[in-house]
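Chain residues, written in single-letter form:
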Amino acid sequence: MAGAEIAAQAAFKTALRRFTSTICLITTEWEGARYGMAATAVQSVTADPPTLLVCINQSASISGPLKLTGKFAVNMLHLSHAPLVPLFSGKLKGEERFAHGEWIAAGGVPILADAQAAFVCSLNSAVTVGTHDVVLGEVIEARFIENIAPLLYEDGKLVRSAALIDAAA
Ligand SMILES: Cc1cc2nc3c(=O)[nH]c(=O)nc-3n(C[C@H](O)[C@H](O)[C@H](O)COP(=O)(O)O)c2cc1C
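As a convention, each chain's residues are numbered from 1 in the sequence order in which they are written. The model is predicted, so local features are restricted to residues of pLDDT at least 70 and side-chain atom pairs to those at 80 or more, both for listing and for counting; the totals for chains, interfaces and linings are taken over all residues. To get the side-chain values, all heavy atoms of the structure are used, and hydrogens and water are removed first.

- You'll find the protein entered in an unreviewed UniProt entry as FMN reductase (NADH) 2, with Rhizobium gallicum bv. gallicum R602sp given as the organism.
- UniProt positions are given in the numbering used here, feature names are shortened, and annotations may be inferred rather than shown by experiment. Taken verbatim from the UniProt record of the protein, the Sequence similarities (unreviewed entry) comment is "Belongs to the non-flavoprotein flavin reductase family."

And the structure:
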């Protein structure tokens, strides 16, 4: 890569840190083994048909199993799930990750029982862009809890949301 390209990529990565995102655990099950990873690259696409997209590095351990089984879950984390993030992003491997958190099976994939929101998806299609697959999933089932306190990721840190104070109140 030329110097200008390296500088542009560094600026791109720094600019990306200005996104504030919810954190999700993407999960699947293949041949009796569970796989999961932390992800911020998750987005709703359309409500008709209900569709989410997730960007998954092809080197991640969940990548192959997810495409083989054709189903996965998107588990949006609540503040109470902060300890799960390092475990699902490399500190633990494979099944060890699921010893933490309350996991139940839904539609053949693991979902976090007290997720802020959980979506069971059927793999619709995937497009490869560089290192990542952009995975589109049709939502088969959506669940949520009433206590709204999503775990957020901003500038490399776990943070919380706060309502703006209405000065007129
Ligand atoms: C906050 C956070 C967000 C992440 N978002 C993504 C993502 O959207 N897509 C992705 O492929 N990896 C993402 N990662 C990296 C994976 O969680 C990490 O590489 C994971 O360990 C890969 O799985 P493996 O260890 O099972 O191979 C993220 C990591 C963190 C800490």
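Resuming the write-up.
### Structural notes on the sheet that holds strand E10 (residues 132-144)
No. 1: We call two strands paired when DSSP finds no fewer than two bridges between them. The numbering of helices and of strands both runs from the N terminus, where a helix is a DSSP run of H or I of at least 4 residues and a strand a run of E of at least 2. Here we have seven strands laid out as an open sheet, ordered E3-E2-E6-E9-E10-E5-E4, and antiparallel in their pairing. Of all strands in the sheet, those bounded by a partner on one side alone are strand E3 (33-39) and strand E4 (42-47). Direction aside, neighbouring strands of the sheet carry axes that sit 30° apart on average.
No. 2: In the sheet, strand E5 (residues 50-57) pairs with E10 via seven bridges, with the strands oriented antiparallel. All axes here are fitted lines through C-alpha atoms, helices being fitted over the stretch that makes contact, and every angle between N-to-C directions spans 0 to 180 degrees.

### Observations regarding the UniProt feature "domain: Flavin reductase like" (unreviewed entry) in the protein
No. 1: With numbering aligned to this structure, UniProt lists the feature "domain: Flavin reductase like" (unreviewed entry) at residues 16-160.
No. 2: Within the segment residues 16-160, helix and strand shares are 11% and 53% respectively, and the terminal C-alpha atoms sit 18 Å apart.

### Digging into the pattern of salt bridges
For side chains of opposite charge, pairing can occur when their charged atoms come near one another.
No. 1: Note on definitions: salt bridges are taken to be side-chain nitrogens of Lys or Arg within 4 Å of carboxyl oxygens of Asp or Glu. For the coordinates displayed, the defined rule picks out five salt bridges.
No. 2: A salt bridge links aspartate 155 to lysine 157; its shortest N-O distance comes to 3.5 Å.
No. 3: Burial status follows relative accessibility: with a 1.4 Å probe on protein chains alone, a residue under 20% of its type maximum counts as buried, one over 50% as exposed, and anything between as partly exposed. Overall, the relative accessible area of 46% leaves lysine 157 in the partly exposed class.
No. 4: Each of Arg17, Asp155 and Lys157 takes part in one network of salt bridges that share partners.

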